[in-house]
Amino acid sequence: MGLSRTQILLLILALIGLGVLVQQTQSPPLLLSRWDGSMPGVSHGAHLSMSAAFAAQPAAERPSGNPLRDRRTVITQGYGVGSHAPASVWGGIDLAIDSDGDGKADPQGTWHVPVYATHDGIARVKPNTWPGGNYLAIENERYKTAYAHLDSYAVVDGQPVVRGQVIGYVGSTGMSSGPHLHYEVWENGMNRNPLDFDALRSDE
């Protein structure tokens, strides 16, 4: 027994309605590293609430925090100035430790300080570069952070690393006038100011 055109149309509409109902009742997968506003099945208000929660606790794929993890960290050269200009190529900040409390970098207190990964990714080790000396990048699908002038490495090329893992030690290799860490953040191939990623925040 065949169906009339009207019956076929009603059947198609019923199936479409069932699909919409199923989509609304299923919880969408939580994508911590996706911030393009395209989470399917999530209302605008719910998306804003989730974004606010994630902003308070960033996903491990997103750089966050001080790579020296020391509240005595000071900036010895800012973003996009001096040898860091133009920012689109050399943008980063130079970090050192003020171990004697005078507000200035202390070379002796900065030598061999541990450097920590600020996000999850894969280590790219490049020794003896110019001008970065012993250079290390941590890369994932969206972000790359760079750590330059290292004295030595605590990871090998291609090694997966997680936020908070020691990846190297501060030195003065390459074009450097004293021990410090040059730190960069890249997002989708664009250089970003590390201070926008809480580069001076210490969890100590």
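Computed from a predicted structure; not experimentally measured.

Draft legend 1. Broad picture of a nonpolar patch on the surface. Judged by side-chain polarity, Ile75, Leu195 and Leu200 come together as a nonpolar surface patch covering roughly 230 Å² of accessible area. Mapped onto the secondary structure, leucine 200 falls in the segment after strand S10 (190-192). The exposure class of leucine 200 is partly exposed, given its relative accessible area of 41%.

Draft legend 2. Broad picture of the confidence of the model for the protein. Across the protein, the average pLDDT comes to 80, with 71% of residues at 70 or higher. Low pLDDT (under 50) marks residues 20-57, which in the prediction has 20 contacts with non-local residues, meaning those over four places away or in another chain.

Draft legend 3. The arrangement of the pattern of salt bridges in detail. Applying the stated criterion across every chain yields a total of five salt bridges. Linking arginine 72 and aspartate 70 is a salt bridge whose minimum nitrogen-to-oxygen distance equals 2.8 Å. Judged by its relative accessible area of 9%, aspartate 70 falls in the buried class. Arginine 124 serves as the salt-bridge partner of glutamate 139, at 3.6 Å between the closest nitrogen and oxygen. Remark: arginine 124 occurs in strand S4 (residues 121-129) and glutamate 139 occurs in strand S5 (residues 133-139); sequence separation between them is 15 residues. Residue classification places glutamate 139 among the partly exposed residues on the basis of a relative accessible area of 30%. On the basis of relative accessible area, arginine 124 is assigned to the partly exposed category, the value being 32%. A cluster of three or more residues bridged by salt bridges with shared partners is formed by Arg142, Glu187 and Arg192.

Draft legend 4. Just unusual backbone geometry, in detail. Residue proline 86 is reached from alanine 85 by a cis peptide bond, and omega for that bond is 0 degrees. Note that proline 86 resides in the loop between strand S1 (73-77) and helix H3 (87-90). The omega torsion across tryptophan 130 and proline 131 is 10 degrees, close enough to zero to call that bond cis. You can see proline 131 is positioned in the loop between S4 and S5. Of note in the backbone geometry, asparagine 188 takes a positive phi value of approximately 50 degrees without being a glycine. One can find asparagine 188 in the loop between strand S9 (181-187) and S10. What makes asparagine 188 exposed here is its relative accessible area of 52%.

Rules behind the numbers
Residues numbered from 1 in each chain as written. Predicted model: local features only at pLDDT ≥ 70, side-chain atom pairs only at ≥ 80, totals over all residues. Heavy atoms only, no water. Patch = residues over 30% accessible without salt bridge, like charges linked within 9 Å, V, L, I, M, F, W, Y side chains within 5 Å. Areas by Shrake-Rupley, 256 points an atom, 1.4 Å probe, with all protein chains shown as cover. Salt bridge = Lys/Arg side-chain N within 4 Å of Asp/Glu carboxyl O. Helix = DSSP H or I, 4+ residues; strand = E, 2+ residues; numbered from the N terminus. Buried < 20%, exposed > 50% of the residue type's maximum accessible area, 1.4 Å probe, protein only. pLDDT = per-residue confidence, 0-100. Contact = heavy atoms within 4.5 Å.

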